[in-house]
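Understanding the architecture of this molecule
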Amino acid sequence: MKNLKNIHKHFLLGSFVSKRLIKLTPILVFAILLTSCSSVQVAADYDREANFDNYKTFAFFKPGIDEAEISDLDKRRILRAIEAELMTKGMTKSENPDMLVSMFTKSNQRVDIYNNAWGMGGWGWGGYGGWGWGGPGMGMGMGGGNQVSTSTEGMLFIDFIDARKKELIWQGSGTGYLVTQNIDKKEARIKEFVFKTIEQYPPEKN
């Protein structure tokens, strides 16, 4: 009889722990998602034949920038951040530049499906769109016990073009979550995108 009581006690305890884990899982997943939102993934490609020591001055390439599908406010924020980063690298803005600077943006709607059993299901992307701002969202599918999170991931591309040859010599990209509508935080996030992207320039010499 004592053994039956112990078994019943352990069963109730296990049931309580399981329910607590189920309740905590969406919170943990959301916390993990918010942590990942803070990072910006970067990549770069460049012309190996280009001598980057020759590029001392720059100007913005208006025809390319005009095609960027973002608001004029965000466009100016990005351009100011790019200008500041290039100047910290010793370059100067000029009407007769060695290098032209252009940029464009994309955004993806990402969907992640998490399973309550601590496994992760399949995930997929929505279509590409213009630069947009939005935070991660969480939904719970009651049928299969899955949590579905959606978030907007932005991609910023910065192009450096040889002003004389009109050839692309370097392209950097930053990819990360666009997580806020707050203006101050938005500006800080844009500066982070630009800083981490241009941090890769100039390429290391082999």
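Predicted, not measured: the structure shown is a model, and the values here were computed from it. (Residues numbered from 1 in each chain as written. Predicted model: local features only at pLDDT ≥ 70, side-chain atom pairs only at ≥ 80, totals over all residues. Heavy atoms only, no water.)

Section: the overall build of the chain
Helix and strand content of the chain: four helices and eight strands. Listing every helix and strand of the chain by position from the N terminus yields α-β-β-α-α-β-β-β-β-β-β-α. Accessible area of the chain: about 12500 Å², with a carbon and sulfur share of 56%. (Helix = DSSP H or I, 4+ residues; strand = E, 2+ residues; numbered from the N terminus. Areas by Shrake-Rupley, 256 points an atom, 1.4 Å probe, with all protein chains shown as cover.)

Here's the deal with the nonpolar core
Judged by nonpolar contacts, the single largest core of 29 residues is most densely connected at Ile-82, Leu-86, Met-99, Val-101, Ile-158, Phe-160 and Val-194. For this core, the secondary-structure elements that each account for two or more residues are strand S2 (57–60), helix H3 (72–88), strand S4 (99–115), strand S7 (146–162), strand S8 (167–177) and helix H4 (183–198). In terms of residues, this core owes the most to one element, H3, which gives five residues. Setting aside chain neighbours within four positions, we find Met-99 in contact with Tyr-55, Thr-57, Phe-58, Ala-59, Leu-86, Met-91, Phe-160, Ile-161, Ala-163, Ile-169 and Tyr-201. (Core = buried A, V, L, I, M, F, W, Y, C linked by side-chain atoms within 4.5 Å. Buried < 20%, exposed > 50% of the residue type's maximum accessible area, 1.4 Å probe, protein only. Contact = heavy atoms within 4.5 Å.)

Re the packing of aromatic side chains
Here the structure, examined in full by the defined rule, presents eight aromatic pairs. Both rings, one in Tyr-46 and one in Phe-52, keep their centres 6.1 Å apart while their planes meet at 75°; by these two values the pair is edge-to-face. Its relative accessible area of 28% is what places Tyr-46 among the partly exposed residues. Seen in terms of ring centroids, Phe-52 and Tyr-55 are 6.2 Å apart; in terms of plane orientation they differ by 55°. Their pairing is tilted. A relative accessible area of 12% means that Phe-52 is categorised as buried. Its relative accessible area of 10% is what places Tyr-55 among the buried residues. Members of the aromatic cluster, each reached through a chain of ring pairs, are Tyr-46, Phe-52, Tyr-55, Phe-160, Trp-170 and Tyr-201. (Phe/Tyr/Trp six-rings, centres within 6.5 Å; stacked < 30°, edge-to-face > 60°.)

Let's talk about the pattern of salt bridges
Taken as a whole and judged by the stated rule, the model has eight salt bridges. Here Lys-196 and Glu-192 are joined by a salt bridge, their closest N and O atoms 3.3 Å apart. Here Glu-192 and Lys-196 lie together in helix H4, a separation of four residues that amounts to about one turn. Judged by its relative accessible area of 28%, Lys-196 is partly exposed. (Salt bridge = Lys/Arg side-chain N within 4 Å of Asp/Glu carboxyl O.)

Points about the pairing of S8
Most of S8 is tucked away, with eight of its eleven residues classed as buried. Bridging between strand S1 (residues 40–46) and S8 involves seven bridges; their strand directions are antiparallel. Across the sheet, Gln-41 pairs through a bridge with Thr-175, a residue of S8. Joining the antiparallel neighbours S7 and S8 is a turn of four residues, in which Lys-166 adopts a positive phi near 55°. (Pairing = 2+ DSSP bridges.)

Focus on the packing of H3 against H4
Where H3 meets H4, the axes come as close as 9 Å, and the angle between the chain directions of the two elements is 45°. Our classification of the angle between H3 and H4 gives oblique. Remark: the crossing between H3 and H4 carries right-handed chirality. For the pair H3 and H4, contact is made by Asp-74, Arg-77, Ile-78, Arg-80, Ala-81, Ile-82, Glu-85 and Leu-86 and by Ile-183, Lys-186, Glu-187, Ile-190, Lys-191, Val-194, Phe-195 and Ile-198, respectively. Residue classes in the contact of H3 with H4 are distributed as nine nonpolar, no polar and seven charged. (Axes fitted to C-alpha atoms, helices over the stretch in contact; angles between N-to-C directions. Parallel < 35°, antiparallel > 145°, perpendicular 65-115°, else oblique. Left-handed = near helix turned anticlockwise from the far one by under 90°. Nonpolar A, V, L, I, M, F, W, Y, C, P; charged D, E, K, R; others polar.)

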